[in-house]
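Take a look at the letters that make up each chain.
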Amino acid sequence: MSAYLLTRPEPRDGPQPFDPSRHMRQVANLVATVFADELDSRGRGALREMQFVGRLSPMLGDALSIALFNEYISGHVWVEGGQVIGNVTLQSVDQAGSRWRISNVAVLPSYRRRGIARTLMLDALREVAQRQGNWTVLQVRADNDGAHDLYLSLGFADVSRDAVYRLPATPQRIPPPDARLEQLRPLTGGDLLDLARASRTALAQWADPIRSQDYQIGLGKAAGEWFGRLVGFYRVERWGIWDDRMLLGAVETRANWSSDYFVMRLAVRPSARGRFEEALIARGLMSLAQAGAMPVMIEHDGEHVEATEALLRFGFKPQRDLITMRRAVRPQDAQL
Ligand SMILES: CC(C)(COP(=O)(O)OP(=O)(O)OC[C@H]1O[C@@H](n2cnc3c(N)ncnc32)[C@H](O)[C@@H]1OP(=O)(O)O)[C@@H](O)C(=O)NCCC(=O)NCCS
């Protein structure tokens, strides 16, 4: 028994649980190869960390690397000739272990279409069921039909679509907004929060709950924004369109001079869609143009198609377009 504990099992080929001390470095290399063109700076940072720990892991020994990683990262790999050629990473999203995130789904090109990703996904779903999880969530690029089909065939369903659009620079000429917009004062109570909640579907809010502190402009936030503007550090403006007492749509702009780009945020109630997007974007761009010439980024709800069309008309281009999917995990999935 003690001899078994002291000797690690021989490496073998085929599907197997991710073992941080053995696979970390190879998984990092696989992800770097397969997603070479897609990683943003955060992704590249996470990968460098994985590669660094991967180099250390054999030296740290099993106990420490397991202590370090098992709580956070689990998953399944496929090994061929001692090399990791496929991977699915699994992470618990909440403390209760109810929701699990699948990421880094990758198979080396020469091994594709042999059922490797499907097997690893089923292994991951089985593990979630064994750990009594209730949901698995993942994100897939909107133009990645092959992976999207794979997830649909495993019982995942679309939940929401989130995109980032970018304009290379604030335009010099902006058509004047063709709707009556009012600048929103700080301390507008819950109007912006109410608008944000009304303009995202319940499913989208399930995946990414709206946090009230991101929308409510209390005294502290208003004072911070006033001070930022006074010292010339950043400038925030909010404009909206009202119908009686109801905020139908709003645009928020944030010009931060220490950043490489300006930021815009837009929301329109479903009942008012198709009427105000262009006016709101024009107003937002006018505010930003006053602050200077800089690229503009907008985090955009991909399900709001009228806004997508208006953004494209203003010259914005998609930088990233992700579909979030989910699948309920049932106890019987432990037998998958
Ligand atoms: C997506 C990916 C992981 C699939 O790996 P794989 O091992 O080839 O997938 P499987 O062989 O298990 O495919 C299972 C099913 O998924 C679908 N599928 C997978 N790749 C597909 C493709 N390129 N085109 C169309 N359908 C595809 C098919 O329905 C397939 O079943 P079939 O072969 O019987 O038609 C792999 O192509 C890859 O690493 N791509 C680059 C990284 C990536 O896009 N990852 C997903 C990020 S969300």
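Residues numbered from 1 in each chain as written. Predicted model: local features only at pLDDT ≥ 70, side-chain atom pairs only at ≥ 80, totals over all residues.

Draft legend 1. Structural view of the overall build of the protein chain. What the protein chain contains, in helices and strands, is 10 helices and 12 strands. Across the 336 residues of the protein chain, 33% fall into the buried class. Contacts in the protein chain between residues at least 24 apart in sequence constitute 73% of all its contacts with a sequence separation of at least 6. (Helix = DSSP H or I, 4+ residues; strand = E, 2+ residues; numbered from the N terminus. Buried ≥ 20, exposed ≤ 12 C-beta atoms within 10 Å, placed from the backbone. Contact = placed C-beta atoms within 7 Å.)

Draft legend 2. Fine view of the site of the ligand. Close to the ligand lie 18 residues, the nearest being Arg112, Ala117, Arg118, Gly146 and Leu150. Where the shell around the ligand is concerned, the elements lending two or more residues are strand E4 (99-107), helix H4 (116-130) and helix H5 (145-153). Examining the composition of the shell around the ligand, we find that five residues originate from one element, H5, more than from any other. Tallied by class, the residues present in the shell around the ligand amount to nine nonpolar, four polar and five charged. (Near = placed C-beta within 6 Å. Nonpolar A, V, L, I, M, F, W, Y, C, P; charged D, E, K, R; others polar.)

Draft legend 3. Quick peek at helix H10 (residues 305-313). For H10, the set of buried residues is Ala307, Thr308, Ala310 and Leu311. Along the long axis of H10, the arc covered by the buried residues comes to 165 degrees, so they all point the same way. Exposed residues on H10 whose side chains face more than 90 degrees from its buried face are Glu309, Leu312 and Arg313. Of the surrounding elements, those touching the buried residues of H10 are strand E6 (157-167), strand E10 (262-268), helix H9 (277-291) and strand E11 (296-301). Just beyond H10, the residue with positive phi is Gly315, at close to 100 degrees. (Arc of directions from axis to C-beta.)

Draft legend 4. Region of interest: the environment of Gln335. Along the chain, Gln335 turns up in the segment after strand E12 (317-328). Along the backbone, Gln335 and Leu125 are 210 residues apart, and their C-alpha atoms lie at a distance of 9.8 Å.

Draft legend 5. Quick peek at the pairing of E6. In the sheet, E6 pairs with E12 via nine bridges, with the strands oriented antiparallel. Bridged to Val164 within E12 is Arg320. Across six bridges, the pairing between E6 and E11 is antiparallel. Each bridged residue has a counterpart across the sheet, and for Ala163 the counterpart in E11 is His300. (Pairing = 2+ DSSP bridges.)

Draft legend 6. Highlighting the sheet that holds strand E2 (residues 74-80). Read from one edge of the open sheet, 12 strands run E1-E2-E3-E4-E5-E12-E6-E11-E10-E9-E8-E7, paired in mixed fashion. Each having just a single partner strand, strand E1 (14-17) and strand E7 (182-183) make up the two edges of the open sheet. Judged from the four bridges that link them, E1 and E2 form a sheet pairing that is antiparallel. Counted as the bridge partner of Pro17 is His76 from E2. The strands that H5 touches are E4, strand E5 (135-141) and E12; relative to E5, the one it contacts most, it runs at about 160 degrees. Packed on one face of the sheet, H9 meets strand E8 (234-243), strand E9 (246-256), E10 and E11 and runs near 25 degrees to E9. (Axes fitted to C-alpha atoms, helices over the stretch in contact; angles between N-to-C directions.)

Draft legend 7. Spotlight on the packing of H9 against H10. For the pair H9 and H10, interaxial distance at closest approach is 9 Å and the crossing angle is 50 degrees. As summarised for this structure, H9 and H10 are arranged oblique, according to the angle between their axes. Of the two elements, H9 crosses H10, and the hand of that crossing is right-handed. Residues Glu277, Glu278 and Ile281 of H9 touch H10, and the partners they reach there are Glu306, Ala307, Ala310 and Leu311. (Parallel < 35°, antiparallel > 145°, perpendicular 65-115°, else oblique. Left-handed = near helix turned anticlockwise from the far one by under 90°.)

Draft legend 8. Fine view of the environment of Glu309. Structurally, the position occupied by Glu309 is in helix H10. Overall, Glu309 belongs to the exposed group, with 12 C-beta atoms counted inside 10 Å.

Draft legend 9. Inspection of unusual backbone geometry at higher detail. Of note, Gln132 is a non-glycine position whose phi angle comes to about 60 degrees, a positive value. Mapped onto the elements, Gln132 comes out in the loop between H4 and E5. Look at Gln132 and you get exposed, because 12 C-beta atoms sit within 10 Å. One non-glycine residue with positive phi stands out, namely Asp244, at about 55 degrees. Along the chain, the position of Asp244 falls in the loop between E8 and E9.

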